[in-house]
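Residue strings, one per chain:
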Amino acid sequence: PQAVAACGNLATAVGVLSAPLRAKSDQYYTIPMALRAFFKHPNPAVPLMRLVALATGAAPSPPVSVATAFERVHQFFRDLEDSLGDEYEYLGGADVNLDDVSLAPSVARLQSLGLLEHFTADKPKSRAWWELVKSRPSYAKVFEKQPPLARLPPNIVANYHQSERAWADHRARVARLGPVAAYAR
């Protein structure tokens, strides 16, 4: 139960920190794309929120503030540091378990946002745990897989590249200004 709560808090916080990128990416996201996603997504509420935002021009309000999101992520890594053993093992011991797997998407997103180093700078066990998770073949298979661009329509490929540029711009902004200033409006 504690790991589930930590995963939920982390996912919510990372979602808030991803909002500026989603806004930039959504400008390339069309209503037909959202409709297709709605009918294919395992949780239709996710693409439905994007569809409503596209149709109305209004973005849904974030569940927590950016400051709260930063604090939740800091607290998550403090707890993670306390939970890991002295041998820098997985959360469940010597073997990967569901806790490690369920946290990987949110931590990977923090890395993509250019924020992971900020949160783990003074957390050697957390950094070692993340390197261990990333070294697994299953991680590479899921998180480092590139979309089959050659088989996609040109407009989707263009959207993908524009979105990739938005992510790179965001990481550069975080590196230039620092995490807190990068999110200040």
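Residues numbered from 1 in each chain as written. Predicted model: local features only at pLDDT ≥ 70, side-chain atom pairs only at ≥ 80, totals over all residues. Heavy atoms only, no water.

Engineer: What exactly am I supposed to notice about the packing of aromatic side chains here?
Structural biologist: Given two aromatic rings, one states the distance between the centres and the angle between the planes to describe the pair. Inspection of every chain in the model, using the stated rule, returns 6 aromatic pairs. Judged by centre distance (6.4 Å) and plane angle (15°), the ring pair of F77 and F119 falls under stacked. Within this pair, whereas F77 is found in helix α4 (residues 66–83), its partner F119 is found in helix α6 (residues 116–120), the two being separated by 42 residues in sequence. Across this residue pair, the class does not change: F77 and F119 are buried. Ring centres 6.0 Å apart and planes at 40° place the aromatic pair W129 and W130 in the tilted group. W130 shares its class with W129; the two are buried. Following the ring pairs from residue to residue traces out a cluster consisting of F70, F76, F77, F119 and Y183. (Phe/Tyr/Trp six-rings, centres within 6.5 Å; stacked < 30°, edge-to-face > 60°. Helix = DSSP H or I, 4+ residues; strand = E, 2+ residues; numbered from the N terminus. Buried < 20%, exposed > 50% of the residue type's maximum accessible area, 1.4 Å probe, protein only.)

Engineer: Help me out: how do you make sense of the pattern of salt bridges in this one?
Structural biologist: Where side chains of opposite charge bring their charged atoms close, a pairing between them can arise. Taken as a whole and assessed by the stated rule, the structure comprises 3 salt bridges. Where K123 meets D122, a salt bridge forms, and the shortest distance between an N and an O atom there is 2.8 Å. The class of K123 is buried, set by a relative accessible area of 10%. Overall, D122 belongs to the exposed group, its relative accessible area being 55%. (Salt bridge = Lys/Arg side-chain N within 4 Å of Asp/Glu carboxyl O.)

Engineer: I tried to follow the nonpolar core on my own but got confused; where do I start?
Structural biologist: In summary, soluble globular proteins display a tendency toward joint burial of nonpolar side chains. Judged by nonpolar contacts, the single largest core of 33 residues is most densely connected at L17, F77, L110, W129 and W130. Elements supplying a minimum of two residues to this core: α1 (2–26), α4, α5 (98–112), α6, α7 (124–134), α9 (154–177) and α10 (179–183). Among residues more than four places away in sequence, those in contact with L17 are V66, A69, F70, V73, L110, L113, L115, F119 and Y183. (Core = buried A, V, L, I, M, F, W, Y, C linked by side-chain atoms within 4.5 Å. Contact = heavy atoms within 4.5 Å.)

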